[in-house]
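Single-letter residue listing:
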Amino acid sequence: MSAPAPPSAGAFPSPPGGFAPAPPPSTRRNIELLLLAGAAGITTVSLFLVEAGQEQSVTWDIAKYGLAFLALFGVAHLAVRRFAPFADPLLLPIVALLNGLGLVLIHRLDLADQQEAAYNDTPMPSPDANQQILWTGLGMVVFIVLLIVLRDYRTLARYGYTLGLVGLIALALPAVLPSRFSEINGSKNWIKITGFSIQPAEFAKILLIIFFASVLVAKRDLFTAAGRHLLGMEFPRGRDLGPIVVVWIVCVGVLVFEKDLGTSLLIFSTVLVMLYIATERVGWLIIGGALLTLGFFFAYKTFGHVKIRTETWLHPFDDYNNTGYQISQSLFGLATGGLAGTGLGGGRPNKVPFAKTDFIITTIGEELGLIGLTAVLVLFLVLIVRGLRTALAVRDSFGKLLAAGLAFTVAIQLFVVVGGVTKLIPLTGLTTPFMSYGGSSLLANYALLALLIKVSDAARAPAPARKAVPAAPIADATTELLRKPESGRPEAGPAT
């Protein structure tokens, strides 16, 4: 009996019954749901510890805040499952845990304020945790609306200049308004109406990131044009420095007229990083660093509020009862927390001014210690790394720059906040993303999260299958008559 003939080259025999259909790609939404349940559990247990530590009893506030937390992030999960099914499964749970811990600390400070009011026989303050839940709900509305409306994030590039103009107007508007409509705690970066206030710079930073991402993609040749070489590095040409100089002037104007060091530093640093990502030239970083140093030196020598803030940073205890009180109390709170902290409800974080907003990092350090503060910073680090991973994975240049800009603005803001409360850099007045009390910050950061999730969904979605174009039948193929020229080589003639 002769052996069976071997299969021809390139042939692959089909198994009996044919091939099974390919399994559908995994969306990891169940993992996201499991992580959200863990975040809800941690938040609920933390609320219980705060109640037990402060009130020595458990109130219905735990059920109220816990159920509101579950409902809000449950709806957010369903929206992601429907409108961004392939998004990174870690983004929403990390934000949920950060937001939950912020709610726990705000509730803890509410209880401390109520105890102090009862001791001093003053009117009982209204709890800010209720307002934080309300702002979180409004942030979820913004988050879900963006997921639904923004079917393709690349459409934002078409409106880049319009969004940039709106961002500049929002950034400059508080500076031209009278102080009674724009100034809070010495900074003119608010818009105040009766019973309502908003910080437009929180939204302007996102609009400007979209604008710069679209400009860097459209004008990339301008920023990568050959320039001068110095010390092994390539620097841009002088006539190409116009955009970064304009951004520098805008940021100096924010610092001078609005007395907002944090926003000016955040916007300039984010644009500088995006320039470096788009061009891969260290020269832009050096020029940007020189402009940043020059701007700060000019402001220090010219404007009193910058000089006072710098002197307070260098010598906080020289004027302890006045300008140095905030940073001094912050350092005392961090020192009290030590390694393991005083425990939730066991410290006195309400002695630090603005403990719910600018200094919520100090509250974490006092009650959860260095271990707890490090855990929170690691959560932020994972969020930032996943954002940068999205920037690497997405296929289009605009998406890469948009995701990188959004991730880096969170990183820079976190560095500025933590550096300010630990006296590494001067205080800036920025809030901790997703944790600090305040509506503008929450709304803007949930809009940022929605954009990042849409880019992540596009980056992780499987590539659409290409339909094979059937070959033309042999009978329909055209033929050509080849004529032999005088050179001896065949020459194509008319088709027959």
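Residues numbered from 1 in each chain as written. Predicted model: local features only at pLDDT ≥ 70, side-chain atom pairs only at ≥ 80, totals over all residues. Heavy atoms only, no water.

- You'll find the chain entered in an unreviewed UniProt entry as Cell elongation-specific peptidoglycan biosynthesis regulator RodA, with Nocardia tenerifensis given as the organism.
- According to the UniProt record, the Subcellular location (unreviewed entry) comment for the chain reads "Membrane". (UniProt positions renumbered as here; feature names shortened; annotations may be inferred.)

1. Digging into the nonpolar core
And then number 1: Counting residues in each nonpolar core, the largest one holds 113 residues, and the members touching the most others are F73, F143, Y446, L449 and I453.
And then number 2: When sequence neighbours within four positions are dropped, the list of residues in contact with Y446 reads F73, V95, N99, T136, G139, M140, F143 and F434.
And then number 3: Core analysis: the second largest hydrophobic core is formed by five residues, L255, L261, A299 and V306 among them. (Core = buried A, V, L, I, M, F, W, Y, C linked by side-chain atoms within 4.5 Å. Buried < 20%, exposed > 50% of the residue type's maximum accessible area, 1.4 Å probe, protein only. Contact = heavy atoms within 4.5 Å.)

2. A few points about the side chain of K454
And then number 1: For K454, the location among the structural elements is in helix α16 (residues 439-460).
And then number 2: Lacking a salt bridge, the buried K454 has D457 as its closest oppositely charged neighbour, with an N-O distance of 5.0 Å.
And then number 3: Once residues within four sequence positions are removed from consideration, K454 is found in contact with F83, L147, L150, R151 and Y153. (Helix = DSSP H or I, 4+ residues; strand = E, 2+ residues; numbered from the N terminus. Lys, Arg positive; Asp, Glu negative; His and termini not counted. Salt bridge = Lys/Arg side-chain N within 4 Å of Asp/Glu carboxyl O.)

3. Section: the pattern of salt bridges
And then number 1: Per the stated rule, a full pass over the model turns up eight salt bridges.
And then number 2: Salt-bridge contacts for E32 lead to R29; the nearest nitrogen and oxygen are separated by 2.9 Å. Of this pair, E32 and R29 both sit in helix α1 (residues 29-54), three residues apart, which is roughly one turn of that helix.
And then number 3: Residue classification places R29 among the buried positions, given a relative accessible area of 2%.
And then number 4: A single salt-bridge network, built from bridges that share partners, covers D110, D113, D128 and K356.

4. Re α1
And then number 1: The end-to-end C-alpha distance of α1, which contains 26 residues, comes to 37 Å, matching closely the 38 Å that a straight helix rising 1.5 Å per residue would cover.
And then number 2: Within the span of α1, buried status applies to R29, E32, L36, A39, A40, T43, S46, L47, V50, E51 and Q54.
And then number 3: In this fold, the buried residues of α1 make contact with α2 (61-83) and α3 (91-120). (Expected span 1.5 Å × (residues − 1).)

5. Comments concerning unusual backbone geometry
And then number 1: One non-glycine residue, D121, adopts positive backbone phi at about 55°.
And then number 2: Its place among the elements puts D121 in the loop between α3 and α4 (128-149).
And then number 3: Overall, the relative accessible area of 72% leaves D121 in the exposed class.

6. Details of a nonpolar patch on the surface
And then number 1: The grouping of Y276, I277, V282, L285 and I286 at the surface amounts to a nonpolar patch, some 350 Å² of accessible area in total.
And then number 2: Listing elements by their share of the nonpolar patch, those giving two or more residues are α10 (261-279) and α11 (282-302).
And then number 3: With three residues, the single largest contributor to the nonpolar patch is α11.
And then number 4: Checked against the element boundaries, I286 lands in helix α11.
And then number 5: Overall, the relative accessible area of 38% leaves I286 in the partly exposed class. (Patch = residues over 30% accessible without salt bridge, like charges linked within 9 Å, V, L, I, M, F, W, Y side chains within 5 Å. Areas by Shrake-Rupley, 256 points an atom, 1.4 Å probe, with all protein chains shown as cover.)

7. Re the packing of aromatic side chains
And then number 1: In this structure the tally under the stated criterion is nine aromatic pairs.
And then number 2: Between the aromatic rings of Y161 and F211, the centroid separation amounts to 5.7 Å while the plane-to-plane angle is 75°, which identifies the pairing as edge-to-face. Taken together, the residues span a long stretch of sequence, with Y161 in helix α5 (residues 160-176) and F211 in helix α7 (residues 201-218) at a distance of 50 residues.
And then number 3: What makes Y161 exposed here is its relative accessible area of 53%.
And then number 4: Look at Y320 and F332: their rings are 6.3 Å apart centre to centre, the planes differ by 50°, and that puts the pair in the tilted class. Pair noted here: Y320 is in the loop between α12 (304-314) and α13 (325-337) and F332 is in helix α13, with a separation of 12 residues, a long-range link.
And then number 5: Looking at Y320, the relative accessible area reads 27%, which means it is partly exposed.
And then number 6: Judged by its relative accessible area of 40%, F332 is partly exposed.
And then number 7: Three or more aromatic residues link up through ring pairs in this structure, and these residues are F317, Y320, Y325 and F332. (Phe/Tyr/Trp six-rings, centres within 6.5 Å; stacked < 30°, edge-to-face > 60°.)

8. Structural notes on the packing of α3 against α4
And then number 1: Relative orientation of the contacting elements α3 and α4 amounts to 160°, with a least axis distance of 8 Å. The angle between α3 and α4 falls in the class roughly antiparallel. From α3, L92, N99, L103, I106, H107 and D110 reach across to α4, where they touch D128, A129, Q132, I133, T136 and F143.
And then number 2: Class assignment of the residues belonging to the contact of α3 with α4 gives a composition of six nonpolar, four polar and two charged. (Axes fitted to C-alpha atoms, helices over the stretch in contact; angles between N-to-C directions. Parallel < 35°, antiparallel > 145°, perpendicular 65-115°, else oblique. Nonpolar A, V, L, I, M, F, W, Y, C, P; charged D, E, K, R; others polar.)

9. Re the environment of G167
And then number 1: By secondary structure assignment, the location of G167 is in helix α5.
And then number 2: Owing to a relative accessible area of 0%, G167 belongs among the buried residues under this scheme.
And then number 3: As for G167 and A204, which are separated by 37 residues in sequence, their C-alpha atoms are 4.3 Å apart.
And then number 4: Non-local contacts of G167, meaning those with residues more than four positions away in its chain, are made with A204, L207 and L208.

10. Quick word on the layout of surface pockets
And then number 1: Roughly 1300 Å³ of internal volume is contained in the largest pocket.
And then number 2: In terms of lining residues, the largest pocket is bounded by 47 residues, among which N185, S187, R309, D358 and G429 are the most central.
And then number 3: Those elements that provide at least two residues to the lining of the largest pocket are α12, α13, α15 (397-421) and α16.
And then number 4: Tallying contributions element by element places α12 first for the lining of the largest pocket, with seven residues.
And then number 5: Partitioned by chemical class, the residues of the lining of the largest pocket number 20 nonpolar, 21 polar and six charged.
And then number 6: Its volume calculated, the second largest pocket comes out at about 400 Å³.
And then number 7: Of all the elements in the fold, those that place two or more residues in the lining of the second largest pocket are α9 (242-257), α10, α11 and α15. (1 Å grid on protein atoms, 1.4 Å probe; cavity = no way out; pocket = protein on both sides within 12 Å on 5 of 7 lines; lining within 4 Å. Points joined across faces, edges and corners; volume = space filled by probe spheres on them.)

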